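Geometric and topological summary
Letter by letter, the chains look like this.
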Amino acid sequence: TSKNVKDPYPDWKPGEPVPYAALCTTFSLIELTTKRLIIMEHCSLFLRQVLRLTPDDLLSTVLLMINKLAPDYAGVELGIGESLIMKAIGETTGRSLAVIKQDQKEIGDLGLVAVKSRSTQPTMFKPKALTIRGVHKGLMGIATVSGNGAQARKVSEIKKLLSAADANSTGGRVDVTKDKGGPSEAKYLVRFLEGKLRLGLAERTVLVSLAQAMIAHEAAKKGTVPTTSEIEKAESILKIVYSELPSYDVIIPAMVEHGIMNLREHCKLRPGVPLKPMLAKPTKAITEVLDRFEGQTFTCEYKYDGERAQIHYVAKDADEELSQSMPAGAATTTEAGRGVAAIFSRNSEDLSKKYPDVLAKLNTWVDEDTKSFVLDCESVAWDVVEKKVLPFQQLMTRKKKDVKVEDVKVKVCVFAFDLLYLNGEAVVEKSLRERRELLRKSFKPVEGEFSFATSMDGQELDEIQTFLDESVKASCEGLMVKMLDGTESGYEPSKRSRNWLKIKKDYLSGIGDSLDLVVLGAYHGKGKRTSVYGAFLLACYNPSTDSYETVCNIGTGFSEAVLEELHSQLSQIVIDRPKPFYAHSSGGQHQPDVWFEPRFVWEVKTADLTLSPRYKAGMKEGVDPAGDKGISLRFPRFIKVRDDKKPDEATTSRQVAEMYKKQESVAKNKGPAVDDDF
Ligand code: ATP
């Protein structure tokens, strides 16, 4: 035990299910600090205790820490909003919904509202104390309720959990956070239900803490302590393993069984578990690309404007173990083919039900000898008559779920640009040149259905310029330029890498890249637009404070039809007041008319970036020497809704600050930028 943190919960006994109160005590300790190292210590100490006393609960503990119930591709969602939670709190504590709403207005944190409500609750009998596995099971129950009366049943499940919360209020806990509601179970339960624990505990921190806990636990069993280099090795192993196989459900049992140092042999990239895709860095000019790759070979590819599609496949006659790793939904979607397949989105959602037409034809482009693979592709809307790529907007009109092959109106063509796994073996560490050769050898293009991304290996500026022009004529967004040889050209899951650069066609007029921003609020429309919202307040995401920082108001780029659609989507997630994790300007005239739950991400273009006292983006990134201005977008323009991004995958404050700084150095001689947004 380190000197900074104390054993948080001395009362739990070996082999017993981990008391949920123990986890909440650790949460409350984490809530007291903003220092990442201390947070990590609390976290790894707790995980070590779990490993020592009740290793069977390690998986559910980690999941509750990262506010998830299952891996993303499993599609498990709680499906409840603020109003259902308020209803459940009211009914559990015998307070009226009106009172709960009023409290929420004043306190702004439903977790604390639950704590406050509890103190007035009569304690007639003592329910059994909550355990981590019990809470996980209960929450899973809420997520899987469907059909008639689902909402009511969800409320009753939430009530069960809430009425058992804080049942054993003795338990040896230290009440260190009185002002923050204490280590209350109700508080963290409710925050979990809301989807935000608000501890400043990033998923990455939990991953590193888990590695530290495991290595310390293994050493303790041998009566030693791990060396710094062993700790670093353990952290690096777990990071690599998780990036190739992002599923704690698979990793944790393997780690406990085989030890962390042997984890890479047991947990490898495999079909069925989508990996987080490799991403690209934006550039502003071809010369910047040439500077970056100086002295190394690179390749240019068209940047198709569609939807990322990671295609996983296992032939029926492949290794049995492999077939079993495919998700359940996949098995039914490709009965026509020689195997089972699934398609995953950029953020690991299972899209198999959206693309049954692609899956049904898959066997026509797969060689008989190809028994298993993972392909990285872009699925793009396809004009069957003109035989060419269609704009992204066409793709958006496709239905998202339960698509029937015979109903498909917008055909898609899949453009493959990378191969990550082939015939039982991960190939991510091979060079791009080798992966590309394997890709072209093992698959065959079928017009309008499957194609290799168009590429060009010329290294000269004018060749690249010509290729960029051609890509634009072919309805692409621009180019991707990728390192071709050597270890740096390996596929780096989940990284926004310097080895992949993107050049967008409109890089000359804008800031090089569009931004993906979260809609926090809206203003009622005027004139012709009175029945819809006329403008919106957008924010970027700051992962280190887990908050949304406002960056602009936007009212341009919307058609009337789009405004209507947005109004019907957004009016369902209106909340009474801004969430406490919204960083926004509180001056009266800058308040939007309505606030929303943080749910939708929009792609937005801008002319350039400027500093403004009205917005908060990047304030902590040191862009404004006086420290009272944030970065804001000038002349922002709506491009599209990014269904494939969650709010915490929006452009980050740091990225906004980087864009601002880059532009500043470019425009050094132009004098200070001025704030003249509407
Ligand atoms: P955006 O799609 O807005 O550019 P992003 O953050 O989703 O941003 P980036 O890393 O910026 O992703 O760009 C890479 C995206 O471009 C990939 O996710 C993929 O969907 C798409 N893409 C199209 N063609 C290619 C290609 N040839 N190679 C890699 N990615 C491609």
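Residues numbered from 1 in each chain as written. Predicted model: local features only at pLDDT ≥ 70, side-chain atom pairs only at ≥ 80, totals over all residues.

Right, let's talk about the overall build of the protein for a bit. Assigned secondary structure in the protein consists of 22 helices and 22 strands. Looking at the protein residue by residue over its 678 residues, the buried ones come to 46%. Taking all contacts inside the protein whose residues are at least 6 apart in sequence as the whole, residues at least 24 apart take part in 73%. (Helix = DSSP H or I, 4+ residues; strand = E, 2+ residues; numbered from the N terminus. Buried ≥ 20, exposed ≤ 12 C-beta atoms within 10 Å, placed from the backbone. Contact = placed C-beta atoms within 7 Å.)

On to the environment of Ala381. Within the secondary structure layout, Ala381 lies in strand β5 (residues 372-383). For Ala381, a count of 22 C-beta atoms within 10 Å translates into the label buried. When the C-alpha atoms of Ala381 and Lys411 are compared, they prove to be 5.8 Å apart, with 30 residues separating the residues in sequence. Here Ala381 is in contact with Gly306, Leu390, Gln394, Leu395, Val410 and Val412, once residues within four sequence places are set aside.

The next point concerns helix α8 (residues 150-164). Spanning 15 residues, α8 covers 22 Å between terminal C-alpha atoms, matching the ideal 21 Å at 1.5 Å per step. Within α8, the full set of buried residues consists of Lys154, Val155, Glu157, Ile158, Leu161, Leu162 and Ala164. Close packing links the buried residues of α8 with α4 (82-93), α7 (132-144) and α9 (185-194). Trailing α8 by a residue or two, Asp166 shows a phi angle of about 55°, which is positive. (Expected span 1.5 Å × (residues − 1).)

Attention now moves to the site of the ligand. Neighbouring the ligand are 15 residues; Leu279, Ala280, Glu301, Arg308 and Phe417 lie closest to it. At the level of elements, β1 (279-282) and β2 (298-303) are the ones that each hand at least two residues to the shell around the ligand. Broken down by element, the residue count for the shell around the ligand peaks at 3 residues, all from β2. Here the shell around the ligand is composed, by residue class, of 8 nonpolar, 1 polar and 6 charged. (Near = placed C-beta within 6 Å. Nonpolar A, V, L, I, M, F, W, Y, C, P; charged D, E, K, R; others polar.)

This brings us to the environment of Phe581. When you line up the elements, Phe581 lands in the loop between β16 (574-575) and β17 (582-583). Its 16 C-beta neighbours within 10 Å are what place Phe581 among the partly exposed residues. For the pair Phe581 and Thr545, spaced 36 residues apart in the sequence, the C-alpha separation amounts to 8.4 Å. In contact with Phe581, other than residues within four places in its own chain, are Lys196, Arg198, Asp546, Ser547 and Tyr548.

Here the focus is unusual backbone geometry. Its identity is not glycine, yet Ser348 carries a phi of approximately 70°, on the positive side. Of note, Ser348 is situated in the loop between β4 (339-344) and α17 (356-365). Here the phi dihedral of Asn423 falls at roughly 45°; this positive angle occurs in a residue that is not glycine. Its location among the elements puts Asn423 in the loop between β7 (412-422) and β8 (425-426).

Right, let's get into the sheet that holds β1. Spatially, 5 strands are ordered β1-β12-β11-β2-β10 in an open sheet, and the strand pairing comes out mixed. Only two strands of the sheet have a single partner each, and these edge strands are β1 and β10 (455-456). As defined by bridge partners, β2 adjoins strand β11 (residues 478-483) across 6 bridges and the pair is classed as antiparallel. The residue of β11 that forms the bridge with Lys303 is Gly478. Along the sheet face, helix α20 (residues 461-473) touches β2, β10, β11 and β12 (496-504) and points at about 135° away from the line of β11. (Pairing = 2+ DSSP bridges. Axes fitted to C-alpha atoms, helices over the stretch in contact; angles between N-to-C directions.)

Moving on, we get to the environment of Glu16. Within the secondary structure, Glu16 sits in the segment before α1 (20-31). By the C-beta count within 10 Å, which is 12 here, Glu16 ends up exposed. Along the backbone, Glu16 and Asp57 are 41 residues apart, and their C-alpha atoms lie at a distance of 9.5 Å.

What follows deals with α20. The end-to-end C-alpha distance of α20 is 19 Å, a good match for the 18 Å that 13 residues give at a rise of 1.5 Å each. When we look at burial in α20, the residues that qualify are Ile464, Phe467, Leu468 and Ser471. Projected down its long axis, α20 carries its buried residues within an arc of 105°, all on one side. In this structure, α20 carries Asp462, Gln465, Asp469 and Lys473 as exposed residues pointing more than 90 degrees from its buried face. Following α20 by one or two positions, Ser475 has its phi on the positive side, about 60°. (Arc of directions from axis to C-beta.)

At a minimum axis distance of 9 Å, the contact between α4 and α8 shows a crossing angle of 50°. One element, α4, and the other, α8, form an angle in the oblique class. The two elements α4 and α8 cross, and the hand of that crossing is right-handed. The segment α4 lies against α8, with Leu84, Ile85, Lys87, Ala88, Ile89, Glu91 and Thr92 engaging Gln151, Lys154, Val155, Ile158, Lys159, Leu162 and Ser163. Within the contact of α4 with α8, the residues separate by chemical class into 7 nonpolar, 3 polar and 4 charged. (Parallel < 35°, antiparallel > 145°, perpendicular 65-115°, else oblique. Left-handed = near helix turned anticlockwise from the far one by under 90°.)

Among the 5 residues that make up strand β21 (residues 630-634), 4 are buried, leaving the element largely enclosed by the rest of the structure. As paired elements, strand β20 (residues 608-612) and β21 share 5 bridges and run antiparallel to each other. Each residue of the ladder has a partner; that of Ser612, found in β21, is Gly630.

Confidence along the protein averages 88 in pLDDT terms, with 89% of residues attaining 70 or more. Note that residues 169-179 has pLDDT below 50 and, in this model, 19 contacts with residues that lie over four places away or in other chains. A low-confidence stretch, residues 666-678 (pLDDT under 50), is modelled with 15 contacts involving residues beyond four sequence positions or located in other chains. (pLDDT = per-residue confidence, 0-100.)

Right, let's get into the pairing of strand β13 (residues 515-524). β13 sits mainly inside the fold: 8 of its 10 residues count as buried. Bridge analysis of β13 against strand β19 (residues 601-605) gives 4 bridges, and the strand direction is antiparallel. When the sheet's bridge partners are listed, Leu517 is paired in β19 with Trp602. Of the pairings in the sheet, the one linking β13 to strand β18 (residues 594-596) comprises 2 bridges and is antiparallel in character. Directly across from Ala522, in β18, lies its bridge partner Val594.

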